[in-house]
Amino acid sequence: MMTADREGPSLPDRPARQGDATLDARGQARAPAAAAAATDPRGEDRQGSVSSFALYVHIPYCLAKCPYCDFNSYAVARWPEQRYLAALLGEMGRRAEEPPWRGTPAKTLFFGGGTPSLFAPESIEAILDRADSLFGIEPGAEITLEANPGTVDRAKLEGLRRAGVNRLSVGAQSFRPATLETLGRNHDADQTRQAVRLARRAGFEQLNLDLIYAVPGQTSDDVVRDVREAVALEPDHVSAYCLTFEPGTQFHSLMKSGRLLPPSADRQADFLGAVNRELASSAFERYEISNYARPGCQARHNLAYWRAEPYLGLGAGAHSFGPAGGRWRRWWNERSPERYCEAVLGGAARLAETGEEWPEGRGLAGEFVFLNLRLQRGFALLDFERRTGCSFGDLFSSEAARLVDAGLLRIAEGRVRLTERGLELADSVFACFV
Ligand code: SF4
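Parameters at a glance
Residues numbered from 1 in each chain as written. Predicted model: local features only at pLDDT ≥ 70, side-chain atom pairs only at ≥ 80, totals over all residues. Helix = DSSP H or I, 4+ residues; strand = E, 2+ residues; numbered from the N terminus. Buried ≥ 20, exposed ≤ 12 C-beta atoms within 10 Å, placed from the backbone. Contact = placed C-beta atoms within 7 Å. Expected span 1.5 Å × (residues − 1). Arc of directions from axis to C-beta.

## Concerning the environment of isoleucine 59
The topology assignment puts isoleucine 59 in strand β1 (residues 53-59). Among the residues examined, isoleucine 59 registers 30 C-beta atoms within 10 Å and is labelled buried. In this structure, the C-alpha to C-alpha distance between isoleucine 59 and leucine 85, residues 26 residues apart in sequence, is 9.3 Å. Filtering out sequence-adjacent residues up to four positions away, isoleucine 59 remains in contact with Phe111, Gly113, Gly114, Pro116, Phe119 and Gly315.

## Considering helix α8 (residues 220-232)
Taking 1.5 Å per residue, 13 residues should reach 18 Å; α8 reaches 18 Å between its end C-alpha atoms and fits that length. Burial in α8 covers these residues: Val223, Asp226, Val227 and Ala230. Down the axis of α8, the buried side of the element spans an arc of 95 degrees, and every buried residue falls inside it. Summarising the geometry of α8, the exposed residues directed more than 90 degrees from the buried face are Asp221 and Ala232. Packing partners of the buried residues in α8 comprise β6 (167-173), β7 (206-213), β8 (237-242) and α10 (265-281). Once α8 ends, the next one or two residues include glutamate 234, with phi positive near 55 degrees.

## With respect to unusual backbone geometry
Cis peptide bonds are those with omega within 30 degrees of zero, and the linkage from proline 99 to proline 100 qualifies with 5 degrees. Mapped onto the fold, proline 100 is located in the loop between α3 (81-95) and β4 (106-113). Each neighbour pair has its own omega, and for glycine 113 with glycine 114 the value is 15 degrees, a cis peptide bond. Within the secondary structure layout, glycine 114 lies in the loop between β4 and α4 (121-134). Although it is not a glycine, glutamine 173 sits at a positive phi angle of roughly 70 degrees. As for its position among the elements, glutamine 173 is in strand β6. Among the residues examined, glutamine 173 registers 34 C-beta atoms within 10 Å and is labelled buried. The residue glutamate 413 is not glycine, and still its phi comes out positive at about 55 degrees. Tracing the backbone shows glutamate 413 in the loop between β16 (409-412) and β17 (415-418). Residue classification places glutamate 413 among the exposed residues on the basis of 8 C-beta atoms within 10 Å.

Here is the structure:
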């Protein structure tokens, strides 16, 4: 996933991760009754309709499981593409009959995984065609597909472009053989360079490269050279993720047993500083904690998540979020691809859903705050009020005062945002709003 990976091991940017445990534990004790009923954000009205939404499609298969990966992905030698495709189309058809998605166009689409580039262009085209006929895809919609460099060739990239994909997210991760080996990646730097060249020739207008830093054994010089090699390929967007050791992964076990040591916090900060300096000197703006773009090239799909806008996720383990009957609902699907297919193709009444929650009041407001604070421009106080029906000062005055005094938060010109120092300590800031 992380790109094929949206391979960012610590990514907050897809439905499959939004709504994970961090979103489950909202304090809702002080929820004002008015807050949930007053939702009126960015085109969503109080009856639960929306003017557009972000559509995410999860393809959970990979050729191998990377030892740091905690995404909902499965190593397979062969994958049941037709059966999984039928389930995706079936789920999409059922969702298109329900509010708020019924009659609502998709403004962005994102194929994540897993390794979506394992699927044939014809399968991707079938999904896009069905989405267009069921929902409508807005003209100029951003349509992204995550690609593992080892899984694409010229014919596949040309086929994907013809199918309608216009943005490719390539899971480079590193250009150093030793780093790629530590990460257990099954591609090399030449395959990344070749994938990028072929993608440009195939006509992809937007290109993202994923990088991972703070890998055991990496030096600052390695990180600088990785960023420079990525920039040399002239991407429009770079996602640079600090490696995390998530429970349940092989890396986590190795760390626990002392056989793999993460770099110290100071070293990680040095690496991040190097990433920031290198990308800034090449005219990439750091517009989100882990994301950098050339002017006009921000990832529109991911912006919908960070702005807490509605999204529909299809596929095994996918998460969705949207208005429902004047409240907000988040739900998620069965994680196992086989059980997901059985449920959808078997006609289960609630499709493959395995859980839901109804964030409201202070919990919903806190979620809006810490998602939006990931963005360099933060959020407008007016948008906060539209979403919650309350003023930011009423709900979070003491937290905000403390963070402003500590130099971590800035409130000015009708917007709330993190300071430079706040960006460095973002997790601690977010914890104040959970
Ligand atoms: S196993 Fe590897 S390729 Fe597959 S989603 Fe995870 S990081 Fe990406």
